[in-house]
Every structure is written in C-alpha cells, then in structure tokens.
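Report on the structure
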Amino acid sequence: MDKNHVKRGEGRLKFRLINYRSDMQFAFFRGGMMAPQLAALSPIIRVQNPNEPLQRHLALTGDNTQMMVQWVTKNSSNPTVKWGTSPGAYNHSAAAVSSTYSRQELCGPPANDAGFVDPGLFHAALVEGLTPGQRYYYVVGDEEWGFSLEASFVAAPPVGPQTRVKVLAVADLGQGEVDGSMEQSEMLVSLNTTASDLGQGEVDGSMEQSEMLVSLNTTTRMLQDIQQHDFQLLVHNGDISYARGYVTQWDNFMHQMEPLVSSVPYMTTHGNHERDWPNSGDRFIEAYDSGGECGIPLERRMVMPQAGRDKPWYSFDFGPIHFTQYSTEHPFHPGSEQHAWLLADLAAVDRSVTPWVIVGGHRPIYIASTFNMPDQGDQPVAIALRAAFEEAFVEHRVIKLWWGYLRIEASATELKCEVVSDMDSSLMDAFVLTKPQGWGAAHMQQRSAKQQQQQQQQQQQQQQRHAGEGVPGGVQAGDVRVAEQ
C-alpha cells in the first residue's frame, strides 16, 4: 500500500485467495495489534466449489508397485482416483479412505482455539499394480463435484544397485504468501535479512518480510529440479509448514507444494514444530513448539508407511538407497519402541541390494550450537542421539544426513551430494562418497561370517555352562576358585 494512504484517506491492497473450502470475508481494523478496532467489513466472498479436489500429493508405501495418492475436499462422500498410462485414458480407479481431525483432538492453543477452522476431509487412495519406472497419468475427485486437472508421476524405480536415482531433501521449509502479506502465526522477519532489519517494520506498522518467504525460492528451485533435471523423490525431515496451530497455514503450505508433490512422492518426518507439546507423548518435559498440534495434523494430512498411530518411524527402498526415517521428537532411548525398531531395521538391510543407507530425522546428532537448554536444547538432544544410535550407525556404515536443501544422486558405487542455497539455488558445498564395485555383496558376506562366528561362540559358551552343571559345589568348568585358608 502507498505510505501516503493515511494522508489521502484511501488506499488499495491486493491479496491472493485460495480455496479454503468456506466463504470468506475481509475485515479492516484500526489501532494495530495491541488495541484493534473493527472499522469495516467487505462483502462475503462465496466459494463456488467447496469440494474442489485440492492439495494433491504422493507418498511411497514401501512397495514400488504402489503409490499413495492424497488430496483434500470439504466433505465429498465418494472420493476416487483414476489413472492410466496415457493422458486422458484412465483405465483403473480406486476409492479413497477419508479422515479428518477435530478441535477436541488437538492438545492446546492456538490449535484448538483461534487457529482452528474446519480442515476438511483428507483422502488417501492406494494406486496398485504399477510398473517401476513407468509414467502414469491421474485425476482425483468424485462424480458429483468433479475431478481435478490431470497430473502425472513416475512409479518408483526398481530397487537394486543397477538403478541410478536423483533425490531432493529439505528441512525447516515453511510457507510464504506470494502477495507479501503476513499471517496470524507469529512469523518474524526473514532470517536472510541483516541484523539491523530485525524487529523493524514499515512506517505504517507492517513487517518487511516473513522469515518463511524464502521458502518460495526453495519450492520454485525444487520444482525446476523436478521438471528440468528429473529428480524423482522429495524427502522432508521435519518442520514442515510451520503452521503451529493455524489450519489455514497448512492450506497455504500445501497449495505452495502441490506442483511439486503431485508429481513426485513426498516423504516426511516430524519436527518440533509439528509434534512437541507438554504431556502429549513427545520426549520433552515442557516444549510448546507445535502450537498445540501435537503431531495430529501432519499425521492425518500426510499418510506415511509408519509403524502405527503416533509412531512416525518407517523405512523404504528407493533404487540403491535404503531410507530409514525416525522421529527425534518421540522417545528414542535404549529400551524404547522406536530404538528397538531402528536397530532391527538397520540389521535387516541387505547391502547387496541397497548399498547406501541414509537415516533421516529432524534434529542433528552432531551440531555446532551453543543452545544448551536442558532437555530440548541442541546439544542435550545431540548427546542423547549419540548415546542411543552412534554405535549402531558406525556398525552398519550409515550415512547420517540432515539438510536444508540438498540434491542427492546415487548409484551402486557413488553418492553425490550438493548443498544448495535457498535464496538463489547457488551451490554452497558438494561432496562425493564412493564404494568399490561389489561392495554390498562383500559387506553381506563379512556380516554373515561375523554372525556365524558369534553364533559359534554362543554355542560354545552354552556347552561350557552345561558341562559345569554337574561339577560338585556348582563350580563350572573353567572356573578357578581359591579356597579360603
């Protein structure tokens, strides 16, 4: 708005509106955030189709002949996905399973208070019988309210060292308003502005830039990577939308992401801004970072092949890579369910099939940080992660990666990583990891020989114990005791 609007008594603003599945209205307030006074209301803006299929996104299931297709409507009753191998020719269809969440299910404000509006119905339909590497065309919707525009995806590639794959990885993304407006979610000034800009706004009281506006750059660059450079998968390791209790911010985020994640599978893990809330089952004593969401919106919106409800850990194979995704926000200490699952998952990987193992979670196991707040500080969490997993990661030759914006390209013998600027996609760092040809098969042989040796040692120890059971006084064979004088 022109800064002289106060002098002239008039001004103009333009806003982008997306379909929130409900009628909308603009309100004009005077008095700022501290003493707001309603001055005017706009006419009601009617939504023509509240059941327009929106927010399409894809997910892997662990079976590369399947794809989970997901979308949202207001309340459509017969959601369906149709697909085929040619544009406009949909020879197959599948009904979706629908879910939602209520205000009462959420853990605290603003999620169950000012931030809550009807989130709509989330639909998830399983597309099966896919040929790995084949492109498929699909639409979602229903006969009563209509179907979406056509989109397409390529089925997951064959699993094995013969396949070369290209993967995008991101964390701490968030969403930004393309019209430059701010939103009711406590967004601060961009992290990329100078220190002198922090806390300063325009003379009319508006903020210069949201810290999440940079996410628009990142999603634009990732879309270019997908469309122009054939990247096949997007992994998002926590801090997804930064909605922090505001349903409409999830809508904005998914609208921003749909061009990407309607064409490649999108695999997510929980971060502190999705999950943490006191007494809700996370591993922290007093963390409020989710704004009362306590993981429910993410889990309902994005169906992952996880272990169960509020158990967001899972694994999948993609070409020559085995991905193990776990939650740094849930209990992971030795003896916890997640810890046992992760160790069992790593032990079961056949490295002759997937020579690369990448473990992904939100918080780093190694970090250069002075944030030492007890319980949830960077360093205390990193220390706990190392105590729980470092030995296993070394034993299983794991690549442990946390990222901002990363490009990965992997084959049987080489894994290339590029760390990319979220401002202009310029290359910030790069490295290449290599393995000799046949490393996976050799590793499995060594592991098998080690396991056989351990089994033989255990059998010998058992035989020795059995042999000692008949010795007078209970002295076992091989024991040495000095008689008391």
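Residues numbered from 1 in each chain as written. Predicted model: local features only at pLDDT ≥ 70, side-chain atom pairs only at ≥ 80, totals over all residues. Heavy atoms only, no water.

Take the overall build of the protein chain next. Each helix and strand in the protein chain was counted, giving eight helices and 21 strands. Burial statistics for the protein chain: of 485 residues in total, 48% are counted as buried. Of the contacts made within the protein chain by residues no fewer than 6 positions apart, 66% connect residues no fewer than 24 positions apart. Entry remark: accessible area of the protein chain is about 24,000 Å², with carbon and sulfur atoms responsible for 50%. (Helix = DSSP H or I, 4+ residues; strand = E, 2+ residues; numbered from the N terminus. Buried < 20%, exposed > 50% of the residue type's maximum accessible area, 1.4 Å probe, protein only. Contact = heavy atoms within 4.5 Å. Areas by Shrake-Rupley, 256 points an atom, 1.4 Å probe, with all protein chains shown as cover.)

Attention now moves to the pattern of salt bridges. Between side chains of opposite charge, a pair can form as their charged atoms come close. In total, this model carries 17 salt bridges according to the counting rule given. In this structure, the salt-bridge partner of glutamate 105 is arginine 300, at a minimum N-O distance of 2.8 Å. Here glutamate 105, found in the loop between strand S7 (97-99) and strand S8 (121-127), pairs with arginine 300, found in helix H5 (residues 296-301); they are 195 residues apart in sequence, far enough to count as distant. Classification of glutamate 105 by relative accessible area gives partly exposed; the value is 29%. Residue arginine 300 is classed as buried on the basis of its relative accessible area, which comes to 14%. A salt bridge links arginine 275 to aspartate 310, with the nearest nitrogen and oxygen atoms 3.1 Å apart. Highlighted residues: arginine 275 in helix H4 (residues 272-275) and aspartate 310 in the loop between H5 and strand S15 (314-318), separated in sequence by 35 residues. (Salt bridge = Lys/Arg side-chain N within 4 Å of Asp/Glu carboxyl O.)

This paragraph deals with the packing of aromatic side chains. Tallied over the entire structure, the rule returns twelve aromatic pairs. Between tyrosine 101 and phenylalanine 122, the ring centres sit 5.8 Å apart and the planes meet at 25 degrees, which makes this aromatic pair stacked. Of this pair, tyrosine 101 sits in the loop between S7 and S8 while phenylalanine 122 sits in strand S8, placing them 21 residues apart in sequence. The residues tyrosine 101 and phenylalanine 122 share a single accessibility class, namely buried. Summarising the aromatic geometry, the rings of tryptophan 250 and phenylalanine 253 are spaced 6.3 Å apart at their centres and angled 90 degrees between planes, so their arrangement reads as edge-to-face. Residue tryptophan 250 and its partner phenylalanine 253 are both found in helix H3 (residues 247-261); the two are separated by three residues, about one turn of the helix. By relative accessible area, tryptophan 250 is classed as buried at 1%. Taken together, the ring pairs in this structure connect Tyr326, Phe332, Phe389 and Phe393 into an aromatic cluster. (Phe/Tyr/Trp six-rings, centres within 6.5 Å; stacked < 30°, edge-to-face > 60°.)

This next bit is on a nonpolar patch on the surface. A cluster of nonpolar side chains, Leu13, Phe15, Leu17 and Phe26, forms an exposed patch at the surface whose accessible area comes to about 370 Å². Within the secondary structure layout, phenylalanine 15 lies in the loop between helix H1 (5-8) and strand S1 (27-30). (Patch = residues over 30% accessible without salt bridge, like charges linked within 9 Å, V, L, I, M, F, W, Y side chains within 5 Å.)

Our focus in this paragraph is the confidence of the model for the protein chain. Low pLDDT marks stretches whose predicted atomic positions should not be read closely. Within the protein chain, residue pLDDT values average 88, and 89% of them lie at 70 or more. Per-residue pLDDT stays below 50 along residues 184-209; that stretch engages in 44 contacts with residues further than four places along the chain or on separate chains. A low-confidence stretch, residues 474-485 (pLDDT under 50), is modelled with eight contacts involving residues beyond four sequence positions or located in other chains. (pLDDT = per-residue confidence, 0-100.)

Right, let's get into the pairing of S1. Sheet topology note: the S1/strand S2 (residues 37-41) ladder contains four bridges and is antiparallel. Within S2, the residue paired with phenylalanine 29 across the bridge is leucine 38. Hairpin connection between S1 and S2: a loop of six residues separates the two successive antiparallel strands, and glycine 31 in this loop has a positive phi of roughly 95 degrees. (Pairing = 2+ DSSP bridges.)

This next bit is on H3. Here H3 is 15 residues long and its end C-alpha atoms lie 19 Å apart, about the 21 Å a rise of 1.5 Å per residue gives. At histidine 255, H3 shows its largest bend, some 30 degrees, and a proline, proline 259, comes one to four positions later. Buried residues dominate H3, accounting for twelve of its 15 residues. In this structure, the buried side of H3 is in contact with strand S3 (54-59), helix H2 (214-229), strand S13 (233-237), strand S14 (266-269), H4 and H5. (Expected span 1.5 Å × (residues − 1). Bend = angle between axes of the 7 residues up to and from the residue.)

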